[in-house]
Amino acid sequence: MKHIIFKVLLLVFIFQSCSKPKEQVFISNYNISVTGDYSQETSLFILHLKNDSLFYLHFDAPQFKPNYLGKLKHNKFETEIDKLSLEYFKDSLKLYSGNIKYQFKELKEKTTNAFLINKDYFIGKEFMVNTKRNKTLIKFIDEKSGYDLSNGSSFEWDLIEFEGYYFLWNVTIIDRFPLFIKNITGDTIFTQLFTKDEVLNIIFTENEFY
């Protein structure tokens, strides 16, 4: 009888452990009005799900600190903010705030070779930025500013880290977005931009001819 009770308790424990969501980090990649008359690709903040509690971090906020958002119970969130609701899926989230719906995708892996990443790695260097659509030559002037040599325009930048995930935060006159740094080698940085329809790979290769 004791063995049966022990096995039952063990099965209950295993079931609870398996049903509990793992720790996850999500990045925003798109928002749209609930009515569908407004949309915009965006990646301004991330959500961190840990021990059933959800936290948000905004790239524009000072010091990029987590703020408590709500708690996940039976795949439904209980939030402490009025007019806010969330839908949880295995590898994505949808957040409804007023008339706006934000879509999030999970960052499945942390940055590889993170020990190589610091601001000094970028400062004073030129990089050829390659996407499947175009190539752009840029230079990181100092710890805050950079210059797009191909288009003749300035930009601001920052390096942000959270729980082993590194982001290259880029701000221009018309756009602002974080690039998730997937991996870094001696002269190449492999980044990703999360958009509505795809994860766009963006590769920075150091330009040694200047």
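Structure's up top.
Values in this document were obtained by computation on a predicted structure and should not be read as measured data.

Parameters and conventions
- Residues numbered from 1 in each chain as written.
- Predicted model: local features only at pLDDT ≥ 70, side-chain atom pairs only at ≥ 80, totals over all residues.
- Heavy atoms only, no water.
- Core = buried A, V, L, I, M, F, W, Y, C linked by side-chain atoms within 4.5 Å.
- Buried < 20%, exposed > 50% of the residue type's maximum accessible area, 1.4 Å probe, protein only.
- Helix = DSSP H or I, 4+ residues; strand = E, 2+ residues; numbered from the N terminus.
- Contact = heavy atoms within 4.5 Å.
- Pairing = 2+ DSSP bridges.
- Axes fitted to C-alpha atoms, helices over the stretch in contact; angles between N-to-C directions.
- Phe/Tyr/Trp six-rings, centres within 6.5 Å; stacked < 30°, edge-to-face > 60°.
- Lys NZ or Arg CZ within 6 Å of the ring centre and 35° of its normal.

(A) Quick peek at the nonpolar core. Counting residues in hydrophobic clusters, the biggest one holds 22 residues, and the most contacted among them are Phe122, Phe127, Phe140, Leu168, Ile189 and Phe204. Mapped onto this core, the elements with two or more residues apiece are α2 (119–122), β10 (126–130), β11 (135–140), β13 (153–162), β14 (165–171), β15 (176–184), β16 (188–194) and β17 (199–206). No other element matches β15, which puts four residues into this core. Discounting residues that sit within four places of it in the chain, phenylalanine 122 has contacts with Phe127, Phe140, Trp157, Leu159, Leu168 and Ile189. Formed by 15 residues, the second largest nonpolar core is a distinct cluster that contains Val25, Ile160, Tyr165 and Val171.

(B) Structural detail: the sheet that holds β15. Strand order around the closed barrel formed by eight strands is β10-β11-β12-β13-β14-β15-β16-β17, with antiparallel pairing between neighbours. Sheet twist, expressed as the average angle between the axes of neighbouring strands with direction ignored, equals 35°. By the bridge criterion, four bridges tie strand β12 (residues 145–148) to β13 in an arrangement that is antiparallel. Bridge pairing in β13 links serine 145 to glutamate 156.

(C) Up close: the pairing of β17. Note: β10 against β17, four bridges, orientation antiparallel. By the bridge assignment for β17, methionine 128 is matched with threonine 205. Bridge count between β16 and β17: seven bridges; the pairing is antiparallel. From the neighbouring strand, leucine 193 faces β17, where its bridge partner is leucine 200.

(D) Structural detail: unusual backbone geometry. With a phi close to 50°, asparagine 51 is a non-glycine residue in the positive phi region. Of note, asparagine 51 is situated in the loop between β3 (45–50) and β4 (53–58).

(E) The packing of aromatic side chains, seen in detail. Under the definition given, this model contains 16 aromatic pairs. An angle of 75° between the planes, with centres 4.9 Å apart, marks the rings of phenylalanine 140 and tryptophan 157 as edge-to-face. Here tryptophan 157 lies in strand β13 and phenylalanine 140 lies in strand β11, a separation of 17 residues in the sequence. As far as burial versus exposure is concerned, phenylalanine 140 and tryptophan 157 are alike and both buried. Taken together, the ring pairs in this structure connect Tyr121, Phe122, Phe127, Phe140, Phe155, Trp157 and Phe204 into an aromatic cluster. In this structure, lysine 125 packs its charged tip against the face of tyrosine 121, placed 4.2 Å from the ring centre.

(F) Highlighting the environment of tyrosine 165. Here tyrosine 165 is to be found in strand β14. The spacing of tyrosine 165 and lysine 182 is 17 residues in sequence and 8.3 Å in space, taken between C-alpha atoms. Beyond its immediate sequence surroundings of up to four residues, tyrosine 165 is in contact with Val25, Leu107, Glu109, Lys110, Thr111, Ile160 and Phe180.

All quantities given are derived from atomic positions and should not be read as evidence of function.
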